[in-house]
Structures are given as C-alpha cells and as structure tokens.
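# Analysis of the macromolecular model
Here is what each chain is made of, one letter per residue.
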Amino acid sequence: LESIDERLARQAVEAEDRRDEERAAELLEERLKLDERNIVAWCELARFNLRHAHFDLAEKALKEGMTCNLSDVEVMMSFGALLAETGKVQEGLVYLNYLYELDSHDPLVACLISHFYHLAGEEGLFRKFLALT
C-alpha cells in the first residue's frame, strides 16, 4: 500500500515526465507540508529545481534540508557543490570543510575540496587536499 508521501513523489515524477513543471513543483511542495523534516523530500525538491535550472530554489531547498540533519553527508556535499558551481566557491568551501571535519577519511570530500580550491585559485590547498584522495 502506497503512503501519501510515496503517492505524491510518484505523481511529481509523472507530472515532470509529462513536462508539467508547475504541477510537479506543487506536488513536491505538498510532500513538505506533510512533514517539513523530510530530508529526502527536500533533496528531491532541490534536484528537481537543479534539473530546471532554478539554482536559487535548489539552494533554498538544500539549506532547508540541512536544518533537518546537519551531519547528512549527501546534503552537505550537494549544498557545497551547488554553491561552488554557482560561483559561490568560498561559501561552498565552508560547507565542504565542515564535512571534512566530520569525516577526514572520506576521499570524495577531500577530492571535492581540492577541486574547489583549484577553482578558487588556491593551488597550495588544492595540492594538499588532492594528496589526501
């Protein structure tokens, strides 16, 4: 039996498949009205907005998702990457470095940090984190 959340998620995918972006967004937001702490729904809303080049809305959704769980690696990495890719490299590095502090043994985080230091033109830090991958 499908839960209300699952039904809304499925209907949002179907609406997007029909190229009904407005309806898909409404359904994704309805999911959050059911539970504002649903980190999966926040991430799916962020990915939806990224697919449709609504970077400001994707950033907002990821920020909200982070408030649900500040140690969620996937959300933190996505947020840091989004910030860096939208020209907010230094702000993105703050989040990625926070993630690195949580788990300094994660080679993916170190790799992302090195890439963003390279984008920021900080070659010394780029090489330091690249060596950790």
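Just above, that's the structure.
This report concerns the structure included in the present document. (Residues numbered from 1 in each chain as written. Predicted model: local features only at pLDDT ≥ 70, side-chain atom pairs only at ≥ 80, totals over all residues. Heavy atoms only, no water.)

## Structural notes on the overall build of the chain
Filter applied, for reference: Secondary structure elements follow DSSP: runs of H or I no shorter than four residues count as helices, runs of E no shorter than two count as strands, and numbering proceeds from the N terminus. Each residue is placed in one exposure class: buried if its accessible area under a 1.4 Å probe, protein chains only, is under 20% of its type's maximum, exposed if it is over 50%, and partly exposed if it falls in between. The contact criterion used throughout is that any non-hydrogen atoms of two residues lie within 4.5 Å. Only four residue types enter the charge count, namely Lys and Arg as positive and Asp and Glu as negative; His and the chain termini do not. A charged residue contributes its charge at one atom only: NZ of Lys, CZ of Arg, CG of Asp or CD of Glu.
Along the backbone of the chain there are eight helices and zero strands. Element order for the chain, N to C, with α for helix and β for strand: α-α-α-α-α-α-α-α. Along the first, second and third principal axes, the C-alpha atoms of the chain reach 50 × 25 × 20 Å. By residue count, 40% of the 133 residues in the chain fall in the buried class. Nonlocal contacts in the chain, meaning residues at least 24 apart in sequence, comprise 39% of its contacts between residues at least 6 apart. Each charge sign in the chain was given a centre, from 15 positive and 27 negative side chains, and these centres are 2 Å apart.

## Focus: the packing of aromatic side chains
Formally: Ring geometry is summarised as follows: Phe, Tyr and Trp rings, the Trp one being its six-membered ring, pair when their centres sit within 6.5 Å, and such pairs are stacked at plane angles under 30 degrees, edge-to-face over 60 and tilted between the two.
Enumeration according to the criterion identifies three aromatic pairs in this entry. With centroids separated by 4.6 Å and ring planes inclined at 90°, the aromatic side chains of Phe79 and Tyr95 adopt a geometry described as edge-to-face. Of this pair, Phe79 sits in helix H5 (residues 73–85) while Tyr95 is found in helix H6 (residues 89–102), placing the two residues 16 residues apart along the sequence. Judged by relative accessible area, Tyr95 falls into the partly exposed class, the value being 23%. On the basis of an interplanar angle of 25° and a centroid distance of 5.7 Å, the ring pair of Tyr117 and Phe129 is categorised as stacked.

## Looking at the environment of His118
Counting through the fold element by element, His118 comes out in helix H7 (residues 107–119). Residue class for His118 comes out partly exposed when judged on its relative accessible area of 38%. Aside from chain neighbours lying at most four places away, what touches His118 is Glu123 and Phe126.

## What to know about the packing of helix H3 (residues 39–51) against helix H4 (residues 55–68)
To be explicit about the condition: For helices, the axis comes from a line fit to the C-alpha atoms of the stretch in contact; other axes are also lines fit to C-alpha atoms, and the angle between any two N-to-C directions lies between 0 and 180 degrees. Just so you know how the angles are binned, under 35 degrees is roughly parallel, over 145 roughly antiparallel, 65 to 115 roughly perpendicular, and the rest oblique. Take the far helix as the reference: if the near one is turned anticlockwise from it by less than a right angle, the crossing is left-handed, and if turned clockwise, right-handed.
Running from N to C, H3 and H4 point in directions that differ by 165°, and their axes come no closer than 8 Å. Of the possible angle classes, the one that applies to H3 and H4 is roughly antiparallel. In terms of crossing hand, the pair formed by H3 and H4 is left-handed. Residues Ile39, Trp42, Leu45, Ala46, Asn49 and Leu50 of H3 form the contact with H4, whose own contacting residues are Phe55, Leu57, Ala58, Ala61, Leu62, Glu64, Gly65 and Cys68.

## What about unusual backbone geometry?
Here Arg19, not a glycine, exhibits a phi torsion of approximately 65°, which is positive. Summarising the element assignment, Arg19 is placed in the loop between helix H1 (4–17) and helix H2 (21–34). Unlike most non-glycine residues, Ala53 shows phi in positive territory, near 60°. On the secondary structure map, Ala53 appears in the loop between H3 and H4.

## A short note on the nonpolar core
Side chains that are nonpolar tend, in soluble globular proteins, to be buried together. Test applied: The term nonpolar core refers to a set of buried residues drawn from Ala, Val, Leu, Ile, Met, Phe, Trp, Tyr and Cys, joined through side-chain atoms within 4.5 Å.
If you look at the biggest cluster of nonpolar residues, it comprises 40 residues, and the most contacted ones within it are Leu45, Ile113 and Phe116. Not counting residues within four places of it along the chain, the set of residues in contact with Leu45 comprises Leu28, Glu29, Leu32 and Ala61.

Just distances and angles here, no functional claims.
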